[in-house]
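Examining the three-dimensional arrangement
In case you want the letters, here they are:
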Amino acid sequence: MLGAIRTLIVDDSSTLRAMLDVVISDNRDFRPPEHAANASQAIELLEERLFDLVLLDINMPGMDGLQLLDHIVENELARVMIVSSSSVRGSDIRTDALKRGAVACYDKADCIRKGDKLVELIRQIVAQNHESPLWLESMDRSEGRVAEEA
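In this report, the structure presented in the accompanying data block is examined.

Analysis parameters
Residues numbered from 1 in each chain as written. Predicted model: local features only at pLDDT ≥ 70, side-chain atom pairs only at ≥ 80, totals over all residues. Heavy atoms only, no water. Axes fitted to C-alpha atoms, helices over the stretch in contact; angles between N-to-C directions. Helix = DSSP H or I, 4+ residues; strand = E, 2+ residues; numbered from the N terminus. Parallel < 35°, antiparallel > 145°, perpendicular 65-115°, else oblique. Left-handed = near helix turned anticlockwise from the far one by under 90°. Contact = heavy atoms within 4.5 Å. Nonpolar A, V, L, I, M, F, W, Y, C, P; charged D, E, K, R; others polar. Salt bridge = Lys/Arg side-chain N within 4 Å of Asp/Glu carboxyl O. Pairing = 2+ DSSP bridges.

To describe two helices that pack against each other, one gives the angle between their axes and the distance between the axes. Here helix H3 (residues 65-74) crosses helix H4 (residues 92-100) at 15 degrees, and the two axes come no closer than 10 Å. When the interaxial angle is binned, H3 and H4 end up roughly parallel. Between H3 and H4 lies a crossing whose hand is right-handed. Only Asp 96, Ala 97 and Arg 100 of H4 make contact with H3, whose side of the interface consists of Leu 66, Gln 67, Leu 69, Asp 70 and Val 73. The residue inventory of the contact of H3 with H4, partitioned by class, reads 4 nonpolar, 1 polar and 3 charged.

Here's what the structure looks like:
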């Protein structure tokens, strides 16, 4: 279905928001992403509209990504994928984000170079109703390098 997947990109970097926009907008099954430069803007958008997935940075001024993740999960506003260089495989932040309810983590450095893998991961998350971050661990085993680099 044309434009079915609705994403919200939350990152204080306008450059990263623009890069993610390009990666996502190139796909017919995605609507053009919406953007928020901080947690306050994200909360406002999440209260106004429905999103299939929030792509969330960790390091932002004011309320950081983990605090925003808590708010989103607590209020059941959307599923969240962390997109941050702080959430690389094996990091404490990645583990914490998954425990707090993020459905996946993706390394910000791979957003353009491996944008097709990011888009496929988004599709998989949206296509299935994953209630537990343990889903990522099973995906790690089944998807091999995609999950390792995610």
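Packing of helix H2 (residues 39-48) against H3 brings their axes to within 11 Å, and their N-to-C directions diverge by 15 degrees. The angle between H2 and H3 falls in the class roughly parallel. Seen along the crossing, H2 lies across H3 with a hand that is right-handed. Here Ala 39, Ala 42, Ile 43, Leu 46 and Glu 47 of H2 come into contact with H3, specifically with Leu 68, His 71 and Ile 72. Residue classes in the contact of H2 with H3 are distributed as 6 nonpolar, 1 polar and 1 charged.

Okay, the pattern of salt bridges next. Counting across every chain of the model gives 10 salt bridges. Arg 6 is paired through a salt bridge with Asp 52; the nearest N and O atoms lie 3.0 Å apart. Taken as a pair, Arg 6 in the segment before strand E1 (7-10) and Asp 52 in the loop between H2 and strand E3 (53-56) lie far apart in primary sequence, 46 residues in all. Here Glu 120 ties to Arg 123 by a salt bridge, and the two come within 3.6 Å at their closest N and O atoms. Taken together, the residues span about one helical turn, with Glu 120 and Arg 123 both in helix H5 (residues 115-127) at a distance of 3 residues.

Taken in spatial order, the 5 strands make up an open sheet running E2-E1-E3-E4-E5, and their pairing is parallel. What marks the edges here is a single partner per strand, and that holds for strand E2 (34-36) and strand E5 (104-106). Along the sheet, successive strands turn relative to each other by an average axial angle of 25 degrees, direction set aside. With 3 bridges joining them, E1 and E2 adopt parallel strand pairing. The residue of E2 that forms the bridge with Ile 9 is His 35. Here H2 sits on the sheet and contacts E1, E2 and E3; the angle it forms with E2, its principal contact strand, is near 140 degrees. Against the sheet, H5 engages E1, E3, strand E4 (79-83) and E5, with an angle of about 160 degrees to E4.

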